[in-house]
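Okay, here's what each chain looks like letter by letter:
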Amino acid sequence: MPESEYEIEIFRAQGFRRLQCASCGKFFWTLGDHSICGERPCQEYDFIGNSPFKKSLTVRAMREDFISFMEANGHTRVRRYPIVARWREDVFFTQASVYPFQPWVISGEASPPANPLVISQPCVRFVDIDNVGKTGQHFTLFEMMAHHAFNFPGKPIYWKDRTVELCHRFLVERLGMDPGLVRYKESWWQGGGNSGPCLEVVFGGAEAGTLVFMQYRDTNGHRVPMETTVVDTGYGLERLVWLSQGTTSAYEAVFGDALAYLKRATGAKKVDTRVLTEYSKVAGMFDVETAADVRAIRAKTAARLGIPVEELVAQLAPLEALYVICDHSRALMFLLGDGVVPSNSREGYFARLLIRRGLRTLRNLNITYSMADTISFLIDQNREDYPELFFNKGDILKLLKVEEQRYRDTLEKGRGTVQRLEERVRAAGGQSIGLGALIELYDSHGLTPDVVKEFATLGVEVPDDFSVPSPPRGRSGLSFRRTSRQPDCGCTRTGGSRSSARRSSPSTEAPSSWTRRSSIRRGAGRRRTAARSAGGMSWTCSGSGTSSSTS
Ligand SMILES: [Zn+2]
């Protein structure tokens, strides 16, 4: 990354200094006096119980603060796009605020709905699903707030200076932050065949946003300047709300009322604030990828607190379960509301995964409570911001009911299947259910390792770095594969969870087999769909070929 990419006039004009982190060596711009870059692995969170903002904001208030600030500064407010990226062939879901504009707007084939624009786009990523609830900060669904400017040839809107100015003024003027606290860390972004310099917006020990300047097309290892350059910002709504409330975890800040409702309904015990605070601080220093990382976080936190790991886990487990239920319910609210039908393939597969994980979590809590209760609560709570979900509430709850019954049926059959397998394993002199058997149980019977564990009397071997199965390819094709340590696919920016930002979900990319099929089905309506979506006219403008239910 050439140094000149970050020589931004506003930095010089306002007296920012370019400093180098004494710990990791990375460069950053700041008005303050800092020896380190202010982020993992160089600094722990210091905002818990100590918000850097003057005011404590709810999700709704933060979203409105951001959007109205950008509106007052020349941006047009644009409604969210569907969570299912039906206008794209390479991914199932909208995973960043810029996805709705790729590829048609950026290629110049469709016009943006406004320019510049401001949006708060719900995004969903499944790569960190196993960490949800356990790290204090990972979500499957998050909102990426953004101001975008599309600089078409001969029609420039704004570029680096104005972008940094807007970000800095929002933090200082609207949120009342000390201007010396923020650090703009130099970094490089690449994704989807494009790349460019970016600035990570860091304070409180956390990254709250990223300002990306998309300006190159990467072809055959060469960087070619793009005709249309794009200001692609991303501010993590959940992260900013957490920073503003300074709570012990992002879930406490984001799920507020829904969580309180669940805590009351389940009679959850209160966990010591010191325990939760230390846990979040330790977790914030980890780039969590596997179950082994989560174990390491627990061990380190327990050591800091001077208590046995078992005691820490016993305290945290019920609360983590409630976080999972809130997270999965919120993601499902959007998935089902936007027309996804739970199934064994494509988008439907992920809806089924969320529902079953949620139901399993509820079973482990040993309470009579359904996912539908939380989702119904969330839909009502979000009625004003997302009226389309309220409009679809009846259908959403109906789908849930059907899927819950299917799950109960699967469990009923699963119990017998696992028992028969164990008899075979014992007869062969085996002591445990191995990976091969687990894959077979999933492929042939739809039984996940967690369900197998529930019924097994023998040990079950699930390797740490084996996680959520990849989406099905072809008829059965389901197999367990590593979600960790996969090559970085390059979608490296978000203001949300940094970990998920690093690794855009490989498992939500469309398998090539359906891409070819669907391009035949969907080709004709594709561009029209994007344009209609861009006009904000329709939430279900999917045309054909979506949400196939092949189960
Ligand atoms: Zn550093």
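Residues numbered from 1 in each chain as written. Predicted model: local features only at pLDDT ≥ 70, side-chain atom pairs only at ≥ 80, totals over all residues. Heavy atoms only, no water.

Across its full length, the chain carries 16 helices and 11 strands. Residue pairs at least 24 apart in sequence account for 69% of intrachain contacts in the chain once pairs closer than 6 positions are excluded. When the accessible surface of the chain is summed, it comes to about 21,800 Å², and 50% of that surface belongs to carbon and sulfur atoms. (Helix = DSSP H or I, 4+ residues; strand = E, 2+ residues; numbered from the N terminus. Contact = heavy atoms within 4.5 Å. Areas by Shrake-Rupley, 256 points an atom, 1.4 Å probe, with all protein chains shown as cover.)

Time to look at the coordination of the zinc ion. Binding of the zinc ion to the protein goes through C21 (SG), C24 (SG), C37 (SG) and C42 (SG), at separations of 2.3 Å. Seen from the zinc ion, its 4 donor atoms lie at angles of 102 to 114°, and the figure they make is tetrahedral. Positions of the donor residues of the zinc ion, expressed as sequence spacing, correspond to C-x2-C-x12-C-x4-C. Of this pair, C24 sits in the loop between strand 1 (17-20) and strand 2 (27-30) while C42 sits in the loop between strand 2 and helix 2 (59-72), placing them 18 residues apart in sequence. Relative accessible area serves as the criterion here: at 33%, C24 is assigned to the partly exposed category. Assessed through its relative accessible area of 15%, C42 is described here as buried. (Donors = N, O, S within 2.8 Å, 3.2 Å for Na, K, Ca; no water. Tetrahedral: all angles 85-135°; square planar, octahedral: opposite > 155°, others 65-115°. Buried < 20%, exposed > 50% of the residue type's maximum accessible area, 1.4 Å probe, protein only.)

Attention now moves to the packing of helix 4 (residues 237-245) against helix 5 (residues 250-266). Helix 5 packs onto helix 4 with a crossing angle of 100° between their chain directions and a minimal axis gap of 8 Å. Compared by their axis directions, helix 4 and helix 5 come out roughly perpendicular. Contact residues: helix 4 offers E238, V241, W242 and Q245, while helix 5 offers A250, E252, A253 and V254. (Axes fitted to C-alpha atoms, helices over the stretch in contact; angles between N-to-C directions. Parallel < 35°, antiparallel > 145°, perpendicular 65-115°, else oblique.)

Read from one edge of the open sheet, 9 strands run 1-2-6-7-8-9-5-4-3, paired in mixed fashion. Of all strands in the sheet, those bounded by a partner on one side alone are strand 1 and strand 3 (76-77). When strand 1 meets strand 2, the two strands line up antiparallel, connected through 4 bridges. The residue bridging L19 from the neighbouring strand is F28, located in strand 2. Where helix 3 (residues 160-174) meets the sheet, it contacts strand 5 (141-151), strand 6 (183-191), strand 7 (194-203), strand 8 (206-219) and strand 9 (222-236), and its direction lies at approximately 165° from that of strand 8. (Pairing = 2+ DSSP bridges.)

The next point concerns helix 3. Compared with an ideal rise of 1.5 Å per residue, which puts 15 residues at 21 Å, helix 3 spans 21 Å between its outermost C-alpha atoms and is within 8% of the ideal. Within helix 3 the residues assigned to the buried category are K160, T163, V164, L166, C167, H168, F170 and L171. Backbone geometry just after helix 3 places G176 at a positive phi near 70°. (Expected span 1.5 Å × (residues − 1).)

To continue, consider the packing of aromatic side chains. Evaluation of the coordinates by the stated rule reveals 29 aromatic pairs. Summarising the aromatic geometry, the rings of F11 and W29 are spaced 4.9 Å apart at their centres and angled 10° between planes, so their arrangement reads as stacked. Of the two residues, F11 sits in helix 1 (residues 9-13) while W29 sits in strand 2, which places them 18 residues apart along the sequence. Here F11 matches W29 in class, with each residue buried. Measuring from ring centre to ring centre gives 5.0 Å for F334 and Y386, while their planes differ by 80°; the resulting arrangement is edge-to-face. With a gap of 52 residues between them, F334 in helix 8 (residues 309-337) and Y386 in the loop between helix 10 (371-381) and helix 11 (387-391) connect regions that are remote in the sequence. A single burial state applies to F334 and to Y386, both of which are buried. By the ring-pair criterion, three or more aromatic residues cluster together here, those being Y81, W87, F101, F150 and F152. Of note, R88 hangs over the ring of Y99, and the distance from its end group to the ring centre comes to 4.2 Å. (Phe/Tyr/Trp six-rings, centres within 6.5 Å; stacked < 30°, edge-to-face > 60°. Lys NZ or Arg CZ within 6 Å of the ring centre and 35° of its normal.)

Per-residue pLDDT for the chain has a mean of 83; in total, 84% of the residues score no lower than 70. Confidence drops under pLDDT 50 across residues 472-551; counting only partners more than four residues distant or on other chains, this segment forms 209 contacts. (pLDDT = per-residue confidence, 0-100.)

Three or more residues of helix 13 (residues 435-445) are buried, namely A437, L438, L441 and Y442. In an axial view of helix 13, the angular spread of the buried residues amounts to 135°, which keeps them on one side of the axis. Elements that come into contact with the buried residues of helix 13 comprise helix 9 (346-365), helix 12 (393-427), strand 10 (432-433), helix 14 (449-455) and strand 11 (459-460). (Arc of directions from axis to C-beta.)

Attention shifts here to the side chain of R88. Within the element layout of this structure, R88 appears in the loop between strand 3 and strand 4 (117-124). R88 sits in the buried class, given a relative accessible area of 8%. Engagement of the side chain of R88 in a polar contact is seen with the side chain of D90, the distance being 2.7 Å. In this structure the side chain of R88 is engaged in a polar contact, spanning 2.9 Å, whose partner is the side chain of Q102. (Polar contact = N/O pair within 3.5 Å; in protein donor to acceptor, adjacent residues only side chain to side chain.)

Our next topic: the pairing of strand 2. Within a regular strand, the side chains alternate between the two sheet faces. Between strand 1 and the antiparallel strand that follows it, strand 2, lie 6 residues; G25 among them carries a positive phi value of about 85°. Here strand 2 runs beside strand 6; their pairing, made up of 3 bridges, is antiparallel. Paired with T30 across the two strands is R183, which belongs to strand 6.

Right, let's get into the environment of R415. Inspection of the secondary structure puts R415 in helix 12. Separated by 41 residues in sequence, R415 and A456 have C-alpha atoms that sit 8.4 Å apart.

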